[in-house]
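Notes for the structure review
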Amino acid sequence: MWDIYHSDIPNCISHLATASAMQRLKDVGMHCGCEYTSFPMFQGLSNYTRYNHSIGCALIVWHFTHDERQTIAALLHDIATPTFAHVVDFLNGDHIKQESTEKGTADIISNSTEIMRTLSAWNITLEDVADYHQYPVADNDSPRLSADRLEYTLSNIINYHIAPRTAVKEWYEDLTIGKNEEGQDELMFQNAEAAETFSMAALRTSYIYIADEDRFAMQTLAELLKRHISRGILTMTDLYQTETQVITLLNQDPEARQDWQHYQSLHIIHRDSTHHEAKVIHSKKRYINPYIQNKGRASKLFKSFSQSLSTFLSHPLNTALWGE
């Protein structure tokens, strides 16, 4: 994907990407632990990590801005992500907003001698890069289009075989930075046709993020982690290592190993509120409503997308689930 975003990797990305705090993200997945289950929808996925995503996000920002501060902020935005990512939001009781795992970014950056030394040499401050929300091309409020939202959407469109790489490349090449309806900078499409086909493909990824299997897997893994943190097998600090290290700790304890193996064996979802283990699991609904330059939002321009988006937003998440 990186070559779609930009033809080369600039120094402001490549130098900082070697820092150990960034390298840890090579073993923190974007699929939030779901890929460790045996649910068919998660089988055969590529090894898509927070490191892949962070580099991609930074390349997108660099491609459209050539601004080092914005690019570095995008590169470092997930540096505080714990193992299994948003599963820890479920653990923290923040499964609707899924923002609790964003905390700690500034601390991890400031505690990295490698990163701070490089930033100092480039006359870039911690405040310049510790909060990518200050740069609307890197991040903005949902359902607008930003580099962060764009990167994981395009990568998952390919990963889940929703559209081919050629289509992703065409969508990307149609994008530009323009002023939205509120006069703010935003990544937006130049042509309506590209925006419409992208919007519909992106909405298919939105259904993946709220699929019964996805929600059940994340909640189950959160409960597993919480149980073995309470037993002293894990600590919250352990969750800021790598997934391999956390799994190793689980496998060193017989009871935790049994729970982990059960989690790995999950392969089917049942929808039956009478089952004693059934639970209703709510989740954040992620979606994109892109802007078309000088024309407006996709939901205002395309009737089919507007109807599909309304259906998605009204999709109920109140079915009691259990799995085996």
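Figured I'd write up the structure that's included with this text. Counting starts from 1 at the beginning of each chain's written sequence and moves along it residue by residue. Whole-chain, interface and lining totals are the exception, using all residues; otherwise, since this is a predicted model, local features are given only for residues with pLDDT of at least 70 and side-chain atom pairs are given and counted only at 80 or more. In computing side-chain properties, one takes all heavy atoms of the structure into account and sets aside hydrogens as well as water.

A look at the nonpolar core
- For the purposes of this section, nonpolar cores are sets of buried Ala, Val, Leu, Ile, Met, Phe, Trp, Tyr and Cys residues that join through side-chain atoms within 4.5 Å. Per-residue accessibility, obtained with a 1.4 Å probe over protein chains only, is compared with the maximum for each type, and a residue is labelled buried under 20%, exposed over 50%, and partly exposed between these values. Core analysis: the biggest nonpolar cluster contains 101 residues, and Leu76, Leu150, Trp171, Tyr172, Phe189, Phe198 and Leu225 have the highest contact counts within it.
- Each helix is a run of DSSP H or I of at least 4 residues and each strand a run of E of at least 2, with the numbering of both proceeding from the N terminus. For this core, the element with the highest residue contribution is helix H4 (residues 50-65), accounting for nine residues.
- Between two residues, a contact is recorded if the distance between any of their heavy atoms is within 4.5 Å. Apart from residues no more than four positions distant in its own chain, Phe198 is found in contact with Leu145, Leu150, Thr153, Leu154, Trp171, Phe189, Ile288 and Pro290.

Digging into the packing of helix H13 (residues 212-230) against helix H15 (residues 254-265)
- Between H13 and H15, the shortest axis-to-axis distance is 11 Å and the interhelical angle comes to 175°. Here H15 runs roughly antiparallel to H13, going by the angle between their axes. Within the contact between the two elements, H13 uses Ala217, Thr220, Leu221, Leu224, Arg227 and His228 and H15 uses Glu255, Ala256, Asp259, Trp260 and Tyr263.
- The residue classification treats Ala, Val, Leu, Ile, Met, Phe, Trp, Tyr, Cys and Pro as nonpolar and Asp, Glu, Lys and Arg as charged. All others, Gly included, are polar. Classifying every residue of the contact of H13 with H15 gives six nonpolar, two polar and three charged. Only C-alpha atoms enter the line fits that serve as axes; for helices the fit covers just the stretch in contact. Angles between N-to-C directions range over 0 to 180 degrees. With respect to orientation, any angle under 35 degrees is reported as roughly parallel, any angle over 145 as roughly antiparallel, any angle of 65 to 115 as roughly perpendicular, and every other angle as oblique.

Remarks on the pattern of salt bridges
- The salt bridge definition used is simple: a Lys or Arg side-chain nitrogen within 4 Å of an Asp or Glu carboxyl oxygen. Evaluation of the coordinates by the stated rule reveals 15 salt bridges.
- Arg271 is the partner of Asp212 in a salt bridge, and the nearest nitrogen-oxygen pair spans 2.6 Å. With a gap of 59 residues between them, Asp212 in helix H13 and Arg271 in strand S3 (residues 269-271) connect regions that are remote in the sequence.
- Judged by its relative accessible area of 17%, Asp212 falls in the buried class.
- If you follow the salt bridges from partner to partner, you end up with Glu181, Glu186 and Arg297 in one network.

Brief notes about helix H5 (residues 68-75)
- A large share of H5 lies buried, amounting to six of its eight residues.
- Of the residues making up H5, those classed as buried are Gln70, Thr71, Ile72, Ala73, Ala74 and Leu75.
- The term polar contact refers here to a pair of N or O atoms within 3.5 Å; inside protein, the definition further demands a hydrogen-donor-capable atom paired with an acceptor-capable atom, and it admits residues adjacent in sequence only when both atoms are side-chain atoms. Two to three positions downstream of the cap, the backbone nitrogen of Arg69 sits 3.1 Å from a side-chain oxygen, assigning the N-cap of H5 to Asp67.

So, the sheet that holds strand S4 (residues 279-280)
- Any two strands between which DSSP finds at least two bridges are classified as paired. The strand order S3-S7-S4 describes an open sheet built from three strands, whose pairing is antiparallel. The sheet is open, and its two borders are formed by S3 and S4, each paired with just one other strand.
- Judged from the two bridges that link them, S4 and strand S7 (residues 320-323) form a sheet pairing that is antiparallel. Among the inter-strand pairings, Lys279 is bridged to a residue of S7, identified as Leu321.

Comments concerning the side chain of Asn156
- One can find Asn156 in helix H10 (residues 147-159).
- Taking relative accessible area as the criterion, Asn156 reaches 6% and is therefore assigned buried.
- One polar contact links Asn156 to Tyr209, side chain to side chain, over a distance of 3.0 Å.
- Apart from residues lying up to four places away in sequence, Asn156 is in contact with His31, Tyr48, Ile162, Thr205 and Tyr209.

Just distances and angles here, no functional claims.
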